[in-house]
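If you want the building blocks of each chain, they are given just below.
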Number of protein chains: 2
Amino acid sequence: MDSNDKQQWQRPLIDDRLTPYIEVDAARLERNLQQMQLKANAAGVALRPHIKTHKSVWIAQRQLESGARGVTVSKPSEGISFIAGGVRDLLLAYPVIRPQSVAELLRLAALHQAKITLIADTLQGVAAIAEASQRQPACELAVAIKVDVGLHRIGVNPETDDAVQIADALRANGLRFAGLVSHAGHAYGAGHAAAIAEIARQEAALMQQLQKKLQAAGFPDVPLSVGSTPTALAAEIAPSVTEIRPGNYALLDLTACRLGLSRPDQLAMSVITRVVAVNDHYVIIDAGSKMLSSDKGPHGTNASGFGVAADEAGQTYEVTKLSEEHGFLLYQHHHPAVGSLLRLFPNHSCAVMAQSDSFVLRHADGQSEEHVVDARGKFI
Amino acid sequence: MDSNDKQQWQRPLIDDRLTPYIEVDAARLERNLQQMQLKANAAGVALRPHIKTHKSVWIAQRQLESGARGVTVSKPSEGISFIAGGVRDLLLAYPVIRPQSVAELLRLAALHQAKITLIADTLQGVAAIAEASQRQPACELAVAIKVDVGLHRIGVNPETDDAVQIADALRANGLRFAGLVSHAGHAYGAGHAAAIAEIARQEAALMQQLQKKLQAAGFPDVPLSVGSTPTALAAEIAPSVTEIRPGNYALLDLTACRLGLSRPDQLAMSVITRVVAVNDHYVIIDAGSKMLSSDKGPHGTNASGFGVAADEAGQTYEVTKLSEEHGFLLYQHHHPAVGSLLRLFPNHSCAVMAQSDSFVLRHADGQSEEHVVDARGKFI
């Protein structure tokens with residue numbers, strides 16, 4: 001990422017709204033969606049994008065129209081938003097440990113004939129899902145086993161027999177086994193594309209070993225679903241994989257640029273902000289942490305600042321500090337005037353989208369329309 | 001702040017809702033509101049709380065019923081929410097640089113006979129306010145001059161004659177001059193109560209010098225309004241001050257504890273979260289950065305982690321890492337079981353409230369009700 005190459009950051013700034021707001025570039029979004037779909041198609045795998053990045057039914061529908069099999073959601077209430085928005089095939093990539101946490105999701109899924117895949121990584125989880133499923137037998141339900149491939153967050157240790165025990169428990173409870181899912185989120189910390197590709201290879205190897213163990217234990221059909229944007233962009237899709245679940249690829253952000261996975265001119269999301277003050281120390285903009293989040297990047301990628309602001313000519317300024325409603329750019333002799341617009345590219349687009357009720361979709365002709373961030377605030 | 005003193009962190013955890021959610025302790029909130037009101041009353045100054053912390057009309061109404069003169073808001077759209085909620089005296093503590101940014105606020109204020117105080121720190125700001133005011137002459141409007149007392153964000157340099165020029169411009173435009181306002185946000189970086197009190201003294205001295213300069217220039221009535229929770233808690237209110245505008249004092253957070261301004265048992269806001277996984281490395285909870293924010297504290301206070309989680313017995317665990325929907329507590333041999341509740345105290349309560357649509361108000365008898373975070377997402 002070279003912030004001196006002005007052309008990469010150059011883009012028209014249209015002063016037709018009050019600031020600050022999220023702008024999504026329609027053409028770049030479309031290109032990002034198509035490229036990932038083409039990659040999945042070429043490898044013969046299903047694409048099930050994670051909606052955590054955009055939380056928008058409209059963008060999810062574009063992904064489905066482009067060929068995605070379904071969506072991945074983080075929380076049951078996100079799933080409820082997307083069923084309400086018309087999506088009919090959802091993977092809930094979050095451990096279910098109590099039946100009541102998915103009761104409403106399964107009720108709505110049954111009502112709308114949506115297919116739900118849940119994940120389990122403990123016998124307690126299987127018991128909770130079995131109970132929820134008995135209360136809502138009309139729902140088309142499958143359960144995948146989550147595998148910890150190195151992030152140490154959720155998932156069975158692939159070196160143990162836990163996955164076999166869980167698959168046995170699923171069978172004993174009459175629950176359909178949907179294979180193995182993993183998330184190599186630690187790839188964000190790997191620093192560059194070659195190291196990320198190595199993590200993708202390790203992930204595929206671990207998943208394939210566990211697949212073989214399950215096949216030996218009497219489970220012949222073990223689909224493998226892997227998901228993270230860094231591994232999806234940096235590596236070839238391993239032959240054993242049947243599904244990929246990237247999320248961030250739709251919008252991208254400075255983290256993807258820093259990892260060498262994106263150019264600045266591929267970033268589909270930015271925040272349009274206005275200079276509200278200039279003093280001897282800083283240029284102050286009208287977007288702070290409540291708009292931009294204080295996120296320095298996922299999984300310890302830790303940027304030095306809070307984003308890069310670019311003027312219409314492509315001149316860039318790092319956001320060095322945030323307060324709640326103000327951003328601080330270090331003062332430079334040539335600085336943007338009070339009242340002028342800047343386009344701010346954030347470290348982590350998922351964190352920024354999650355704070356706004358809506359975003360502005362900007363078309364190549366300058367026209368724009370507002371879309372809702374449907375699943376914003378869905379933490380339960 | 002001693003996290004080994006379990007009693008300070010001990011509080012019942014009532015398992016009556018899906019997690020995660022924000023819980024506000026009704027008794028602690030009330031005590032925090034009363035203490036600040038008593039301090040203002042004793043000093044004979046007005047209290048105009050900043051609603052950025054809670055963004056809740058219900059809490060603002062409690063502050064007004066307790067004796068607050070009005071409220072302080074950050075953005076025009078926040079002000080619109082609070083006028084809609086019945087508040088009739090608002091200070092917009094944000095620079096107006098274009099008339100259109102406050103058009104709707106002034107229209108609603110005129111409609112509901114609400115009193116609005118705006119701030120200016122440049123002649124451009126005065127011109128914008130004058131234009132907005134001419135378009136909406138029925139609004140009861142006053143303009144205060146914002147003074148930079150050391151944060152270097154917004155405000156005139158008090159060493160210059162800028163304030164006099166601005167006061168002259170207000171008079172020339174027929175705008176009512178409402179005095180001087182300041183925010184010593186850099187007090188958060190001072191580290192401890194004695195240093196914060198020193199910043200409060202410097203702030204009062206700077207404001208009083210500028211007051212005298214304005215009086216000498218023909219502006220006899222120059223009320224002084226200062227505002228920040230650290231200075232309001234750490235220092236006596238200076239005799240020259242006429243109004244204080246703290247915000248965070250209503251809820252408090254770990255930052256206030258670290259600065260020695262609050263005990264853990266005064267913290268009115270916490271997040272109720274559930275353990276969803278335990279592995280050899282971490283205990284994983286169901287609240288991540290989208291719920292808790294990635295904020296390490298205002299103005300560079302920079303905590304080591306993302307909050308302290310306490311079980312019902314008062315045993316505490318630091319949140320060492322966050323992903324979007326998961327929190328990571330370092331594994332300890334004695335750890336909370338999967339499914340158990342923890343109460344998480346965040347670094348920065350303002351950042352957490354700003355991410356949720358609602359909060360649960362928990363009464364001493366265990367009963368609870370939900371309230372709306374009315375001004376959430378109001379960035380414009």
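Overview of the structure. For clarity, every value in this text was computed on a predicted model and none was experimentally measured.

## Points about the overall build of chain A
Looking only at helices and strands, one finds 12 helices and 17 strands in chain A. With the C-alpha coordinates aligned to their principal axes, the bounding extent of chain A is approximately 70 × 40 × 35 Å. By the burial criterion, 63% of the 380 residues in chain A qualify as buried. Across chain A, the fraction of contacts at a sequence separation of at least 24, relative to all contacts at a separation of at least 6, is 70%. Here chain A has roughly 13,300 Å² of accessible surface; of this, 49% comes from carbon and sulfur atoms.

## Considering the packing of aromatic side chains
In this description, a pair of aromatic rings is defined by centroid distance and the angle of the planes. By the definition in use, this model includes 6 aromatic pairs over all chains. On the numbers, 5.8 Å between centres and 75° between planes, the contact of F177 of chain B with F219 of chain B is edge-to-face. With F177 of chain B in strand β7 (residues 176-182) and F219 of chain B in the loop between α8 (193-216) and β8 (224-226), the pair connects residues that are 42 residues apart, well separated along the chain. Judged by its relative accessible area of 13%, F177 of chain B is buried. When the ring centre of F328 of chain A is taken as origin, the NZ or CZ atom of K321 of chain A, which lies over that ring, is 4.6 Å away.

## Observations regarding the interface of chain A and chain B
In this complex, chain A contributes 55 residues to the contact, which on the side of chain B involves 55 residues. Summed over both sides, the interface between chain A and chain B buries roughly 4,700 Å², with carbon and sulfur atoms accounting for 55% of that surface. Among the residues chain A hides against chain B, the three largest losses belong to R153, K290 and F379 of chain A. Together they make up 15% of the total. Seen at the junction of chain A and chain B, the total is 8 salt bridges. Between K52 of chain B and E324 of chain A there is a salt bridge, and its shortest N-O distance comes to 2.9 Å. At the boundary of chain A with chain B, the tally comes to 23 residue pairs in polar contact (both at pLDDT 80 or more). Taken together, the elements giving at least two residues each to the side of chain A that touches chain B come down to β4 (89-95), β10 (269-278), β11 (282-285) and α11 (289-292) of chain A.

## A word on the relation of the copies chain A and chain B
Look at the two chain copies: a rotation about an axis and a shift along it is all it takes to match them. Of the two same-sequence chains, chain A is brought onto chain B (RMSD 0.0 Å, axial shift 0.0 Å) by a rotation of 180°. With respect to symmetry, the two chain copies, as superposed, fit the operation of a two-fold axis. Of the C-alpha atoms belonging to chain A, the one lying closest to the rotation axis is found on S294 of chain A, 2.6 Å away. Counting the interface residues of chain A, we find that 100% of their copies in chain B are interface residues as well, pointing to one common contact surface.

## Observations regarding the packing of helix α4 (residues 76-84) of chain B against helix α5 (residues 103-112) of chain B
Residue and element names in this part refer to chain B. Running from N to C, α4 and α5 point in directions that differ by 20°, and their axes come no closer than 9 Å. As judged from the angle between their axes, α4 and α5 are roughly parallel. The handedness of the crossing between α4 and α5 is left-handed. Taking contact as the criterion, the partners of P76, G79, I80 and I83 in α4 are, on α5, E104, L105, L108, A109 and H112. Here the contact of α4 with α5 is composed, by residue class, of 6 nonpolar, 2 polar and 1 charged.

## Points about the side chain of E324 of chain A
Examined against the element boundaries, E324 of chain A turns out to sit in the loop between β13 (316-322) and β14 (327-330). For E324 of chain A, a relative accessible area of 11% gives the class buried. Side chain to side chain, E324 of chain A and K52 of chain B meet in a polar contact 2.9 Å long. At 3.1 Å, the side chain of E324 of chain A and the side chain of H348 of chain B are in polar contact. Excluding residues within four positions of it along the chain, E324 of chain A makes contact with G288, S289 and K290 of chain A together with K52, H348 and C350 of chain B.

## Here's the deal with the sheet that holds strand β2 (residues 46-47) of chain B
Residue and element names in this part refer to chain B. Across the sheet, which stays open at both edges, the 8 strands sit in the order β2-β9-β8-β7-β6-β5-β4-β3 with parallel pairing between neighbours. Every other strand in the sheet has two partners, leaving β2 and β3 (71-73) as the edge strands with one partner each. As defined by bridge partners, β3 adjoins strand β4 (residues 89-95) across 3 bridges and the pair is classed as parallel. The residue of β4 that forms the bridge with T72 is L91.

## Observations concerning the pairing of β11 of chain A
All names here are of chain A. Residue alternation in β11 divides its side chains into two sets, Y282 and I284 and V283 and I285, and both sets are buried. Between the end of β10 and the start of β11, which pair antiparallel, lie 3 residues. Sheet topology note: the β11/β14 ladder contains 4 bridges and is antiparallel. The residue of β14 that forms the bridge with V283 is L329.

## Some points on the pattern of salt bridges
Tallied over the full model, the rule gives 50 salt bridges over all chains. Close ionic contact of K213 of chain B with D161 of chain B constitutes a salt bridge, the shortest N to O distance being 3.5 Å. Of the two residues, K213 of chain B is situated in helix α8 and D161 of chain B in the loop between β6 (140-147) and α7 (162-172); the sequence distance between them amounts to 52 residues. Residue K213 of chain B is classed as partly exposed on the basis of its relative accessible area of 27%. With a relative accessible area of 48%, D161 of chain B lands in the partly exposed category. Linked through salt bridges whose partners overlap, the residues forming this network are D16, R17, E23, R343, R362 and E370 of chain A.

## Concerning helix α8 (residues 193-216) of chain A
Residues and elements named next belong to chain A. Over its 24 residues, α8 extends 35 Å from the first C-alpha to the last, a length consistent with the 34 Å expected when each residue adds 1.5 Å. All buried positions along α8 are accounted for by I196, A197, I199, A200, E203, A204, L206, M207, L210, Q211 and L214. On the buried face of α8, the contacting elements are β6 (140-147), α7 (162-172), β7 (176-182), β8 (224-226) and α9 (229-234). The positive-phi residue at the C-terminal boundary of α8 is G218, with phi of around 100°.

## Details of unusual backbone geometry
Residues and elements named next belong to chain A. Along the chain, T19 connects to P20 via a cis peptide bond; the corresponding omega equals -5°. Within the secondary structure, P20 is located in the loop between α1 (6-9) and β1 (21-25). Phi is positive for H152, which is not a glycine, with a value near 60°. You can see H152 is positioned in the loop between β6 and α7. For H152, a relative accessible area of 26% gives the class partly exposed.

Calculation criteria
Residues numbered from 1 in each chain as written. Chains lettered and ligands numbered in written order. Predicted model: local features only at pLDDT ≥ 70, side-chain atom pairs only at ≥ 80, totals over all residues. Heavy atoms only, no water. Helix = DSSP H or I, 4+ residues; strand = E, 2+ residues; numbered from the N terminus. Buried < 20%, exposed > 50% of the residue type's maximum accessible area, 1.4 Å probe, protein only. Contact = heavy atoms within 4.5 Å. Areas by Shrake-Rupley, 256 points an atom, 1.4 Å probe, with all protein chains shown as cover. Phe/Tyr/Trp six-rings, centres within 6.5 Å; stacked < 30°, edge-to-face > 60°. Lys NZ or Arg CZ within 6 Å of the ring centre and 35° of its normal. Buried area = accessible area lost by both parts, 1.4 Å probe. Salt bridge = Lys/Arg side-chain N within 4 Å of Asp/Glu carboxyl O. Polar contact = N/O pair within 3.5 Å; in protein donor to acceptor, adjacent residues only side chain to side chain. Least-squares fit on C-alpha atoms with pLDDT ≥ 70 in both. Axes fitted to C-alpha atoms, helices over the stretch in contact; angles between N-to-C directions. Parallel < 35°, antiparallel > 145°, perpendicular 65-115°, else oblique. Left-handed = near helix turned anticlockwise from the far one by under 90°. Nonpolar A, V, L, I, M, F, W, Y, C, P; charged D, E, K, R; others polar. Pairing = 2+ DSSP bridges. Expected span 1.5 Å × (residues − 1).

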